[in-house]
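What follows is each chain in one-letter form.
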Amino acid sequence: MAHRESETEAERNEYMYRQTVTIEELDGRGAARGEYKEVRDITFSPEHERSEETVGRAAYSLKYLKLTDEDFRDIRDIQPMVLSEDRLWNYETRFRGEERMDDVDCWVLQVRPRQILQGQRLFDGLVWVDKKNYDIVRMEGQAVPQILTTKTENLFPRFTTIRKPVDGKHWFPTYTYADDTLPFRSGPQRIRLRIAYSNYRRFGAESIFKPQ
């Protein structure tokens, strides 16, 4: 699986795509009372260096939530994470069974950090792996660690990331969502997160690949 993930990451680095992030804070009745929304075009240089360009201006009307550097790191690196060979050493994996997910026969693996060093952001959850081609088709879990000190609370929701075959051979992230209540000391806060990855387009290609 990790070898296949390395192939997928190398292929995805040949594409540009659009990432639309929406974060809502909800009141006790489930109505949105504040929102953050941004759209970015993601590209990679020939040396596979990532570049981001904001499309328009981000909308920010959150009243109680404060977005941190860790939140943006998770949006970039954890929610769409590719569990490649160079990342696998950070994790221990356990077989949890078999399940048909998104019309694909899958193995279910539990993925947990072996240890978390200072400043690291890692994934803790489940992945569904296509039995035939070893592609990850879905991830459910959480970015860790939660960050709690006597003065600050930096809590992170559980999320699901769905992948779809984009180029007919590799499964890329297409949608992430979370709807979770974070237990702040000041009181619980429900949060809703949506990330759409769209307009995958290979460098130099005229066509735009849409998820199947």
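Here the structure is a predicted model, which means the values were calculated and not measured.

How each quantity is defined
- Residues numbered from 1 in each chain as written.
- Predicted model: local features only at pLDDT ≥ 70, side-chain atom pairs only at ≥ 80, totals over all residues.
- Heavy atoms only, no water.
- Helix = DSSP H or I, 4+ residues; strand = E, 2+ residues; numbered from the N terminus.
- Rg over C-alpha atoms; globule rule 2.2 N^0.38 Å.
- Buried < 20%, exposed > 50% of the residue type's maximum accessible area, 1.4 Å probe, protein only.
- 1 Å grid on protein atoms, 1.4 Å probe; cavity = no way out; pocket = protein on both sides within 12 Å on 5 of 7 lines; lining within 4 Å.
- Points joined across faces, edges and corners; volume = space filled by probe spheres on them.
- Nonpolar A, V, L, I, M, F, W, Y, C, P; charged D, E, K, R; others polar.
- Core = buried A, V, L, I, M, F, W, Y, C linked by side-chain atoms within 4.5 Å.
- Contact = heavy atoms within 4.5 Å.
- Phe/Tyr/Trp six-rings, centres within 6.5 Å; stacked < 30°, edge-to-face > 60°.
- Salt bridge = Lys/Arg side-chain N within 4 Å of Asp/Glu carboxyl O.
- Arc of directions from axis to C-beta.
- Polar contact = N/O pair within 3.5 Å; in protein donor to acceptor, adjacent residues only side chain to side chain.

K.L.:
I tried to follow the overall build of the protein chain on my own but got confused; where do I start?
P.N.:
Within the protein chain one finds three helices and 13 strands. Expected size for 212 residues packed as a compact globule is a radius of gyration near 17 Å; at 18 Å, the protein chain falls within 12% of this value. With the C-alpha coordinates aligned to their principal axes, the bounding extent of the protein chain is approximately 45 × 40 × 35 Å. Scored against the burial criterion, the 212 residues of the protein chain give a buried share of 45%.

K.L.:
How do you make sense of empty space enclosed by the protein when you look at a structure like this?
P.N.:
Over the atoms rolls a probe the size of a water molecule, and in doing so it shows where empty space is left. Going through the model one piece at a time under the given rule, you end up with one cavity of 30 Å³ or more. Put simply, the largest cavity is a space of about 30 Å³. Glu92, Arg94, Gln110 and Arg112 are the residues that line the largest cavity. When contributions to the lining of the largest cavity are tallied by element, the ones reaching two or more residues are β5 (91–101) and β6 (104–113). For the lining of the largest cavity, a count of residues per class yields no nonpolar, one polar and three charged.

K.L.:
When you look at the nonpolar core in this model, what are you seeing that I'm missing?
P.N.:
The tendency in soluble globular proteins is for nonpolar side chains to be buried side by side. Of all hydrophobic cores here, the largest spans 37 residues; its most connected members are Ile23, Tyr91, Phe123, Val127 and Tyr200. Put simply, the parts of the chain that give this core at least two residues each are β1 (15–26), β2 (32–44), α2 (69–78), β6, β7 (122–130), β8 (136–144), β12 (171–184) and β13 (187–202). The greatest single-element share of this core, amounting to five residues, is contributed by β13. Beyond its immediate stretch of four places on either side in the chain, isoleucine 23 contacts Gly34, Glu35, Tyr36, Leu62, Leu67, Ile75, Ile191, Arg192 and Leu193. Counting seven residues, the second largest nonpolar core, distinct from the first, contains Val104, Cys106, Trp128 and Val137.

K.L.:
How should I be thinking about the environment of valine 111 in this particular structure?
P.N.:
With respect to the helices and strands, valine 111 occurs in strand β6. In this structure, the C-alpha to C-alpha distance between valine 111 and threonine 152, residues 41 residues apart in sequence, is 28 Å. The contacts of valine 111, once residues within four sequence positions are left out, are Leu83, Tyr91, Glu92, Thr93, Phe123, Asp124, Gly125 and Val127.

K.L.:
Whenever I open this one, the packing of aromatic side chains confuses me. Can you help?
P.N.:
Each aromatic ring pair is described using two quantities: the centre-to-centre distance and the angle formed by the ring planes. Summed over the entire model, instances satisfying the criterion amount to nine aromatic pairs. Judged by centre distance (5.1 Å) and plane angle (35°), the rings of tyrosine 17 and tyrosine 200 are tilted. With a gap of 183 residues between them, tyrosine 17 in strand β1 and tyrosine 200 in strand β13 connect regions that are remote in the sequence. Grouping residues by exposure puts tyrosine 17 and tyrosine 200 together as buried.

K.L.:
Sorry, what's going on with the pattern of salt bridges here?
P.N.:
When the charged atoms of two side chains lie near each other, side chains of opposite charge can form a pair. In total, this model carries 20 salt bridges according to the counting rule given. Here arginine 4 and aspartate 135 are joined by a salt bridge, their closest N and O atoms 2.8 Å apart. Taken together, the residues arginine 4 in helix α1 (residues 2–12) and aspartate 135 in the loop between β7 and β8 connect sequence positions 131 residues apart. With relative accessibility at 15%, the residue arginine 4 sits in the buried group. Judged by relative accessible area, which is 1%, aspartate 135 ranks as buried. Lysine 131 is the partner of glutamate 98 in a salt bridge, and the nearest nitrogen-oxygen pair spans 2.6 Å. Placement of glutamate 98 in strand β5 and of lysine 131 in the loop between β7 and β8 is noted, with a sequence separation of 33 residues between them. The exposure class assigned to glutamate 98 is exposed, which follows from its relative accessible area of 55%. Through salt bridges with shared partners, one network takes in Glu24, Asp179, Arg190, Arg192 and Arg194.

K.L.:
Just checking my understanding: could you explain α2 for this structure?
P.N.:
Since the α-helix turns once every 3.6 residues, residues separated by three or four places project in the same direction. What α2 keeps buried is the set Asp71, Asp74, Ile75 and Ile78. Within α2, the buried residues cover an arc of 120° as seen down the axis, which keeps them to one side.

K.L.:
I tried to follow the side chain of glutamine 120 on my own but got confused; where do I start?
P.N.:
Structurally, the position occupied by glutamine 120 is in the loop between β6 and β7. Side-chain polar atoms of glutamine 120 contact the backbone nitrogen of leucine 117, separated by 2.8 Å. When neighbours within four sequence positions are excluded, glutamine 120 is seen to be in contact with Arg73, Asn90, Gln115, Val144 and Pro145.

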